[in-house]
Amino acid sequence: MTRIGIIRFLILFFFNLFWSLSFAQIVNVERFRIISDSTGWFGEINLNGTFINSSINVLIVESNAFVELNRKRNLFLFLANYNFIQSDNSNLVSDRLLHFRHNLKLGKWLTWEAFIQFQQNEIQNIKKRLLIGTGPRFKIVETKNLKIYLASLLMYEDEKENVYPNIKHHDLRSSSYLSFNIRFSEKSELSSTTYIQPLVNNINDFRILNQSKLKVGINKHFSIVLRYDHQYDSTPATGIYKTNSTFTTGINYR
């Protein structure tokens, strides 16, 4: 493979990677929650960058941060993502996400959630999307091998599409989700979260997202991980497909 061919392959690879990640318009916060009885700070920050200087100059950046603060009855969660691919001063892919969430534990089975989210996504033709929501989260089942949670939130959505002339949306949506985790053994588990977000005044305008992950332990350190993501938007931004799904498989080392 020639040098230019390798560069084009890398651009295509990262473009397809960001394309699949960028379709996740609904943020699955469940996979970022740390299950811990201890209080304090938890989190991680990742920054990856690649620069290719050749006949085609390419800059690839992928960054994300996750911070969680657990204070007995209060849980604070902050997420941030910024990814882009730039080629000769032209943006091929660019998406930004900021998400802040507060959980207040009101009882053994009831928690009150509130969140605010800002998003920009060129692939999805989203110039700006601001979400503000709140509502109850219920602990349906919590045992050593099975956990089920259900939430029903109400959120305000302020969105501007990245088209000309600009299309704006000011909507009130329901944002409900069902999440469960089944632990088959110390090394194997199945987790899944399904979101549904219909308009309050028009249930025919809705979004659905399901993210499922199966981890099967091979030995003490290695596991096979299968992940399936499926999203449907009945009324997407102009020029965007209604349905998108991805299936990935990999090996996890612990």
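Analysis parameters
Residues numbered from 1 in each chain as written. Predicted model: local features only at pLDDT ≥ 70, side-chain atom pairs only at ≥ 80, totals over all residues. Heavy atoms only, no water. Helix = DSSP H or I, 4+ residues; strand = E, 2+ residues; numbered from the N terminus. Buried < 20%, exposed > 50% of the residue type's maximum accessible area, 1.4 Å probe, protein only. Contact = heavy atoms within 4.5 Å. Areas by Shrake-Rupley, 256 points an atom, 1.4 Å probe, with all protein chains shown as cover. Phe/Tyr/Trp six-rings, centres within 6.5 Å; stacked < 30°, edge-to-face > 60°. Lys NZ or Arg CZ within 6 Å of the ring centre and 35° of its normal. Salt bridge = Lys/Arg side-chain N within 4 Å of Asp/Glu carboxyl O. Patch = residues over 30% accessible without salt bridge, like charges linked within 9 Å, V, L, I, M, F, W, Y side chains within 5 Å. Core = buried A, V, L, I, M, F, W, Y, C linked by side-chain atoms within 4.5 Å. Polar contact = N/O pair within 3.5 Å; in protein donor to acceptor, adjacent residues only side chain to side chain. pLDDT = per-residue confidence, 0-100. Pairing = 2+ DSSP bridges.

### Structural notes on the overall build of the chain
- For the chain, the count of helices and strands is one helix and twelve strands.
- For the chain, with 254 residues in total, the buried portion stands at 39%.
- For the chain, restricting intrachain contacts to residue pairs at least 6 apart in sequence, the fraction spanning at least 24 positions comes to 49%.
- On the chain, roughly 14,700 Å² of surface is accessible, and the fraction owed to carbon and sulfur atoms is 59%.

### Digging into the packing of aromatic side chains
- Using the criterion set out here, one finds three aromatic pairs in the structure.
- When the centroid spacing of 5.1 Å and the interplanar angle of 40 degrees are considered together, the rings of Tyr177 and Tyr195 count as tilted. A residue pair is termed long-range when its members are at least 10 positions apart, and Tyr177 in strand β8 (residues 168-183) and Tyr195 in strand β9 (residues 189-198) qualify at 18 residues. Summarising the burial analysis for this pair, Tyr177 and Tyr195 share the class buried.
- Above the face of the Tyr149 ring, Arg137 is positioned so that its terminal group lies 4.2 Å from the ring centre.

### Let's talk about the pattern of salt bridges
- Under the counting rule described, the total for this entry stands at eleven salt bridges.
- Close ionic contact of Arg101 with Glu113 constitutes a salt bridge, the shortest N to O distance being 3.0 Å. Placement of the pair is Arg101 in strand β4 (residues 90-105) and Glu113 in strand β5 (residues 110-121), with a sequence separation of twelve residues. Here Arg101 and Glu113 have matching classes, each one buried.
- Among the ionic contacts, a cluster of salt bridges with common partners joins Arg129, Glu157, Glu159, Arg173, Asp205, Arg207 and Asp233.

### With respect to a nonpolar patch on the surface
- On the surface, Phe78, Leu98, Phe100, Ile116, Phe118, Ile132, Leu154, Tyr156, Leu172 and Val200 cluster together into a nonpolar patch covering about 830 Å² of accessible area.
- Topologically, Phe100 is positioned in strand β4.

### Focus: the nonpolar core
- Counting residues in hydrophobic clusters, the biggest one holds eight residues: Phe115, Leu131, Ala151, Leu153, Met155, Tyr177, Tyr195 and Leu209.
- Here this core takes three residues from strand β7 (residues 146-161), the largest share from any one element.

### Observations regarding the environment of Ser63
- With respect to the helices, strands and loops of the structure, Ser63 is situated in strand β2 (residues 58-71).
- Taking the C-alpha atoms as reference points, Ser63 and Asn48, 15 residues apart in sequence, are found 6.2 Å from one another.
- With residues up to four places along the chain from it excluded, the contact list for Ser63 reads Asn46, Leu47, Ala80, Asn81, Tyr82 and Asn83.

### Notes on unusual backbone geometry
- At Lys72, a position not held by glycine, the phi torsion is positive, near 55 degrees.
- Positionally, Lys72 belongs in the loop between β2 and β3 (74-87).

### Some remarks on the environment of Ser174
- Mapped onto the fold, Ser174 is located in strand β8.
- Residues Ser174 and Leu199 lie 25 residues apart in sequence; the distance between their C-alpha atoms is 6.4 Å.
- Dropping the residues within four chain positions of it, Ser174 is found in contact with Leu153, Ile196, Gln197, Pro198 and Val200.
- Within the structure, the side chain of Ser174 is placed 3.4 Å from the side chain of Ser176, a separation counted as a polar contact.

### What about the confidence of the model for the chain?
- Here the chain averages 81 in pLDDT, while 80% of its residues score no lower than 70.
- Every residue in residues 9-24 is under pLDDT 50, and counting partners more than four places away or in other chains gives 34 contacts.

### Overview of the pairing of β8
- For β7 and β8, the ladder comprises 15 bridges, and the chain directions are antiparallel. The residue bridging Lys160 from the neighbouring strand is Lys168, located in β8.
- Between the end of β7 and the start of β8, which pair antiparallel, lie six residues.
- Examined bridge by bridge, β8 and β9 share eight bridges and lie antiparallel to one another.

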